Amino acid sequence: MIFTGLVGHPVKHSLSPWIHGHFFKKSGLKGNYQLFDISPKDFHASIDILKEDLIGFNVTLPYKQKIISKIDELDQSAEKSGAVNTVVKRGNRWIGYNTDGIGYVRSLEKEYPEVFSNQDINVLMIGAGGAARGIFYALLQNGIQNIDLTNRSLERAEQLAQDFSSNSKIYSLQDVLGQIPQYDLIIQTTSVGMDPNHEEKIFSLPPLREGVIVSDIVYRPLNTKFLLEAKRKGANLHKGHTMLLYQALYAFEIWTGKKLMVEGIEKELKTKLKGNDYVNR
Ligand code: ATR
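Numbers given to residues run from 1 along each chain, matching the order in which its sequence is written. Residues qualify for local features only when their pLDDT is at least 70, as the model is predicted, and side-chain atom pairs are given and counted only at 80 or more; totals for whole chains, interfaces and linings, by contrast, use all residues. In computing side-chain values, all of the structure's heavy atoms are included and hydrogens and water are not.

Trainee: Could you give an account of unusual backbone geometry, naming the residues involved and the relevant values?
Mentor: That bond from leucine 61 to proline 62 is cis: its omega, 0 degrees, falls within 30 degrees of zero. Strands are runs of DSSP state E lasting at least two residues, helices are runs of H or I lasting at least four, and both sets are numbered from the N terminus onward. Within the secondary structure layout, proline 62 lies in the loop between strand E3 (56-59) and strand E4 (73-74). Here the amide bond leading from arginine 220 into proline 221 is cis, since omega sits at 5 degrees, within 30 degrees of zero. You will see that serine 165, though not glycine, has its phi angle at about 45 degrees, which is positive.

Trainee: Go over the packing of aromatic side chains with me, naming the residues and quoting the values.
Mentor: Pairing of aromatic rings covers Phe, Tyr and Trp, the last counted by its six-membered ring, and requires centre-to-centre distances within 6.5 Å; plane angles under 30 degrees mean stacked, over 60 mean edge-to-face, and any other angle means tilted. Tallied over the entire structure, the rule returns 8 aromatic pairs. Ring centres of phenylalanine 136 and phenylalanine 164 lie 5.2 Å apart, and the angle between their planes is 35 degrees; on these two criteria the pair is classed as tilted. With phenylalanine 136 in helix H5 (residues 130-141) and phenylalanine 164 in the loop between helix H6 (154-163) and strand E9 (170-171), this residue pair connects regions lying 28 residues apart in the sequence. Summarising the burial analysis for this pair, phenylalanine 136 and phenylalanine 164 share the class buried. The ring of tyrosine 250 has arginine 106 sitting right over it, with the charged end atom 4.8 Å from the ring centre. Summary of the burial criterion: residues with accessible area below 20% of their type's maximum are buried, those above 50% are exposed, and those between are partly exposed, where the area comes from a 1.4 Å probe applied to protein chains only. Criterion for a charge above a ring: Arg CZ or Lys NZ at most 6 Å from the ring centre, at most 35 degrees from the ring normal.

Trainee: How would you summarise the site of the ligand if you had to cite specific residues and measurements?
Mentor: Around the ligand lies a shell of 13 residues, among which Ala128, Asn151, Arg152, Ser153 and Arg156 are the nearest. For the ligand, an oxygen atom lies 2.9 Å from a polar atom in the side chain of arginine 152. Here the Shrake-Rupley method, with its probe set to 1.4 Å, supplies the accessible areas, and only the displayed protein chains count as covering residues. Protein coverage of the free-state accessible area of the ligand, which is 650 Å², stands at 66%. Proximity criterion: a residue is near a molecule or strand once any of its heavy atoms comes within 4 Å of it. Throughout this description, a polar contact denotes any pair of N or O atoms lying within 3.5 Å of each other; where both atoms belong to protein, one of them has to be capable of donating a hydrogen while the other can accept it, and for residues adjacent in sequence the pair is counted only when both atoms sit in side chains.

Trainee: Requested: an account of the packing of helix H1 (residues 16-27) against helix H9 (residues 263-274), with residues and values cited.
Mentor: Inter-axis angles, ranging from 0 to 180 degrees, are taken between N-to-C directions of lines fitted to C-alpha atoms, where helices are fitted over the stretch in contact. Two elements in contact, H1 and H9, have axes separated by 11 Å at closest approach and are oriented at 155 degrees. Here H1 lies roughly antiparallel to H9, going by the angle between them. When you trace H1 past H9, the crossing you get is right-handed. Across from Trp18, Ile19, His22, Phe23 and Lys26 in H1, the residues of H9 making contact are Ile265, Glu268, Leu269 and Lys272. Note on residue classes: Ala, Val, Leu, Ile, Met, Phe, Trp, Tyr, Cys and Pro are nonpolar, Asp, Glu, Lys and Arg are charged, and everything else, Gly too, is polar. For the contact of H1 with H9, the residue count by class is 5 nonpolar, 1 polar and 3 charged. Geometric relationships in this document are graded by angle, where less than 35 degrees denotes roughly parallel, more than 145 denotes roughly antiparallel, 65 to 115 denotes roughly perpendicular, and other angles denote oblique. In this scheme the handedness of a crossing depends on how the near helix is turned from the far one: anticlockwise by less than a right angle means left-handed, clockwise means right-handed. Here a residue-residue contact requires only that any non-hydrogen atoms of the pair lie within 4.5 Å.

Written out as structure tokens, the structure reads:
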């Protein structure tokens, strides 16, 4: 039996037990995925106990950095993004990964493979937090170099570019508007627009380049205001639920060594999220 789960606080709204339940069923492996809501005062003792019982687990807020003190080694993905969302026991050592960036890239590649055959494309990343770092790193790893940044805090964007030795252009959320038509791929990585604040969007989009792909990593709601506006302006969309699925798939692969196909699950996840989408309420 393969015991896995999610550590965080709170965790009750997580879709991960549902997703990993599907993966276990599909893989034919016997396993389970449980939620562990751990209060900060119990963090150290609880992780020690879980490390006895589980072969690996996911980590979410507020422990994505704190978990680093409880493991032995960081994979490059975790080191570069500065956060761990998946840990696994290999022999006697606990190793930390970050599956968000690779999950994002795999989900994008599945839907828009052409992005990765033209490495000269111009990318704009909105945001400079943990998620942005993970995606930035994974894009660089996949040969995409022209990635500019816009963020509310310019210092944070500058730090990100410096940490990756990138010559990204950096814009404020206002100044970037005049630049938008030059981008082929726009990636919204902030939490702006997430339920319950689904009426918000990071900014109003000016006219877009023809054929542009606009991506939002927010998946609740499935159709964010930002994506709906992008669609009205003719963009091809890449929605957040696919990153959720592929980052989970990569974690499953790390734990079990199994690579699965996820088309059927993707449709079901979309239907599940659509039920909560304010557009459809
Ligand atoms: P995550 O790990 O989800 O990326 P994070 O590291 O806290 O979370 O980063 C959140 C990102 O969303 C940052 O880019 C943040 O901008 P700042 O660096 O200026 O804080 C952005 N963000 C969050 N709330 C925002 C808001 N109301 N307006 C604009 N940007 C916001």
